[in-house]
Number of protein chains: 2
Amino acid sequence: MHKNRHRYCVIMCGGIGSRFWPYSRARLPKQFIDFLGTGRTLLQMSFERISTVVPKENILVVTNRRYADLVREQLPEITENQILLEPARRNTAPCIAWAAWHIAARDPEASLIVSPSDHVITRENDFESSVCTGFEFVESHDALLTLGIEPTHPETGYGYIQVDDAIDGGICKVKTFTEKPDIELAKVFVRSGEFFWNSGIFLWSVKAIREAIRNHVPDIAAVFDSAPEGTFADHAAETEFIDRAFPGCVSISIDYAVMERASNVYVETVNFGWNDLGTWSALYDMSPKNRDSNVTQNCSVLTYNSTGNIFAIRGEKLIVVDGLKDYIVADADGVLLICPKEREQEIKRMVTDAKVKFGDKYE
Amino acid sequence: MHKNRHRYCVIMCGGIGSRFWPYSRARLPKQFIDFLGTGRTLLQMSFERISTVVPKENILVVTNRRYADLVREQLPEITENQILLEPARRNTAPCIAWAAWHIAARDPEASLIVSPSDHVITRENDFESSVCTGFEFVESHDALLTLGIEPTHPETGYGYIQVDDAIDGGICKVKTFTEKPDIELAKVFVRSGEFFWNSGIFLWSVKAIREAIRNHVPDIAAVFDSAPEGTFADHAAETEFIDRAFPGCVSISIDYAVMERASNVYVETVNFGWNDLGTWSALYDMSPKNRDSNVTQNCSVLTYNSTGNIFAIRGEKLIVVDGLKDYIVADADGVLLICPKEREQEIKRMVTDAKVKFGDKYE
């Protein structure tokens, strides 16, 4: 396939994945793990998936500085210039702004896709054609485009996007972004046909996103505009500048900073087997089950009177379980978690409790 | 305290402890583990306890050949002559017979106490005086004496001994031995005041036990009587003989082979904080609990909505648990077991299943 050299990708992979603790850990978050047992990490899968559409040398990875070596190991084909190392966590808006300024210094005509690194997409061909459609749209319109996933069930763990009438094949104006709904509202959303899951995947021209950032979060734009001429085209100068200036950015998500404020926001409704792998339950739901409806990740399991569980173990281990229903059993790197799936929203608090009580090594 | 040089002890430590799997394993059974976190293994505690009554050089350890090095490491003060290595598992009668013949070759006037290595005794002074009383009795009577524990609750996991009227301070003739009762019968037993728990600790003179074995299991006596003169006083000759002859012994318990058949059987009723550590529940019951009634062995635990559990982990590990009530969570040497305490009698079957499905390494 022809790859347009003006097309770029920004893969964001700085998160900790604490909802998958203890399997995902601060020092080895889930995007750097072979989470699905495919032999490739989630980051590697994201890189390969997008590299069918975007030239490899145009794929940037933005991550926290502590994960630099993990990125270099897992993506040996990319250069230092393609790895943007954040000196501090500032949510997605400053990260996306940096990437936009970085790309603009190389190619003012560029368009880009911004994507998390830790979701799963099962139908790669559909993904590829959706992304091409999106690129064509943002290359021909002054538009900020987000990909909206056709909902398959009334999920309460996702944000939803309400669409207006279609203006182009599968592309609509956005009417509203909504927070995670309760189950009743989620059912209404799904029935209506007007609501789509917010995937966190965006496409835009570098010109449009820089303009939107300047309009809606001028403080962040001012940080990057303060860089001396040529900074973003010179690796050493850029690193020096980012170390100094980036921590001064306000911490805010791109959704809140830009997407919910701008008027030129569009959604492309898509359907390519997306799962955000946001929770153990989401992983359970998408995974193949054995005849007792248990899911096992990388381990041998012997179960009795046990159904609906997910077992995720790092390292060689036999799990023998009796009388567990709908639990998460995760064991990695010195921590064993046993927790009902319905209590998984408490895992973040458990991580904090463990840190307070037993120290950073369990984070 | 004066230690009578005619007094011997036989510590039996050849069992696998499979009811404590995966914490107790075929290659490292529970008697060789610091099971209570005291810094001493159960075997070492048994040895020290009896060495206040019996000269150390008169303490014999009988075990399976595969555990020879474990015994040597844990009890460096004993000589090769004090370690009897069984070439095959034949239950307690052949093991006790061998020990009796071995001791008789050294001291025909000897008396001995036979004890498992894997129980717990919390009041050592009471133990010591009970054992001395027992020795004095078997040294002055033609008697096979067993220690009967005053029951503290209607336990269904133990055998019971019914006593006749006392004939000597705390020593009675045995009326019957009973199998493990159901809970209703156990309650009747405890209320009656006539029933005591069968501890598996025996005292007798070497003369009395040899005579009883010759009378009640002559096939076993014949095996040891077939040894050439001097065999049991010569380490090399004894080893050679045992390797050849011991596997030919019938596999039978001393209770069934002798105690339930002989007429000169007595019980000394005792009370010294005995627990046979036979099951996870027994260990749970005797262990100190935290404020949520959980018991932890060698691990850091963070619990939510969890009570009545026992957590036993080999190695450094943090356990985080939500929503478990009355479970066993045991993790050691490549196996994690999660099982309701009330299903613990199924653990032996699980070990078998694991062996069939995944091989010997998990035994």
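Note: the structure precedes this text.
Everything quoted here is computed from the prediction, not taken from an experiment. (Residues numbered from 1 in each chain as written. Chains lettered and ligands numbered in written order. Predicted model: local features only at pLDDT ≥ 70, side-chain atom pairs only at ≥ 80, totals over all residues. Heavy atoms only, no water.)

**What about the overall build of chain A?**
And then number 1: Within chain A, the regular secondary structure consists of eleven helices and 17 strands.
And then number 2: Relative to the globule expectation of 21 Å for 363 residues, the C-alpha radius of gyration of chain A, 21 Å, shows essentially globular dimensions.
And then number 3: With the C-alpha coordinates of chain A rotated into their principal frame, the extents come out at 65 × 50 × 40 Å.
And then number 4: Looking at chain A residue by residue over its 363 residues, the buried ones come to 57%.
And then number 5: A fraction of 66% describes how many contacts in chain A between residues 6 or more apart in sequence connect residues 24 or more apart.
And then number 6: For chain A, the centre of its 39 positive side-chain charges and the centre of its 51 negative side-chain charges are spaced 5 Å apart. (Helix = DSSP H or I, 4+ residues; strand = E, 2+ residues; numbered from the N terminus. Rg over C-alpha atoms; globule rule 2.2 N^0.38 Å. Buried < 20%, exposed > 50% of the residue type's maximum accessible area, 1.4 Å probe, protein only. Contact = heavy atoms within 4.5 Å. Lys, Arg positive; Asp, Glu negative; His and termini not counted. Charge placed at Lys NZ, Arg CZ, Asp CG, Glu CD.)

**Some points on the packing of helix α3 (residues 92–104) of chain A against helix α6 (residues 206–216) of chain A**
Residues and elements named next belong to chain A.
And then number 1: The contact between α3 and α6 brings their axes to 10 Å, and the two run at 135°. The orientation of α3 relative to α6 falls into the category oblique. Judged by the twist between their axes, the crossing of α3 over α6 is left-handed. Of the residues in α6, those in contact with I96, A97, A100, W101, I103 and A104 of α3 are V206, I209, R210, I213 and R214. (Axes fitted to C-alpha atoms, helices over the stretch in contact; angles between N-to-C directions. Parallel < 35°, antiparallel > 145°, perpendicular 65-115°, else oblique. Left-handed = near helix turned anticlockwise from the far one by under 90°.)

**Remarks on the sheet that holds strand β17 (residues 335–340) of chain B**
And then number 1: With respect to topology, six strands assemble into an open sheet ordered β13(A)-β15(A)-β17(B)-β16(B)-β14(B)-β12(B), the strand pairing being mixed. Edge strands, defined here as strands with exactly one partner in the open sheet, are β13 (300–304) of chain A together with β12 (295–297) of chain B. Recorded for the sheet is a direction-independent mean angle of 5° between the axes of neighbouring strands.
And then number 2: Examined bridge by bridge, β13 of chain A and strand β15 (residues 318–322) of chain A share five bridges and lie parallel to one another. If you follow T303 of chain A over to β15 of chain A, its bridge partner there is V321 of chain A.
And then number 3: Each of β13 and β15 of chain A together with β16 (327–332) and β17 of chain B touches helix α11 (residues 347–358) of chain B; the most contacted strand, β13 of chain A, lies at about 145° to it. (Pairing = 2+ DSSP bridges.)

**Focus on the pattern of salt bridges**
And then number 1: Overall, the coordinates contain 40 salt bridges over all chains when judged by the stated rule.
And then number 2: As a salt-bridge pair, R40 of chain A and E48 of chain A come within 2.0 Å of each other at their nearest N and O atoms.
And then number 3: On the basis of relative accessibility, which here comes to 34%, the residue R40 of chain A falls in the partly exposed class.
And then number 4: E48 of chain A gets classed as partly exposed once you look at its relative accessible area, which sits at 35%.
And then number 5: One salt bridge in this structure joins E80 of chain B and R72 of chain B, with 2.7 Å as the shortest N-O distance.
And then number 6: Classification of E80 of chain B as partly exposed rests on a relative accessible area of 35%.
And then number 7: One salt-bridge network, in which partners are shared between bridges, spans K317 and D331 of chain A together with K317 and D331 of chain B. (Salt bridge = Lys/Arg side-chain N within 4 Å of Asp/Glu carboxyl O.)

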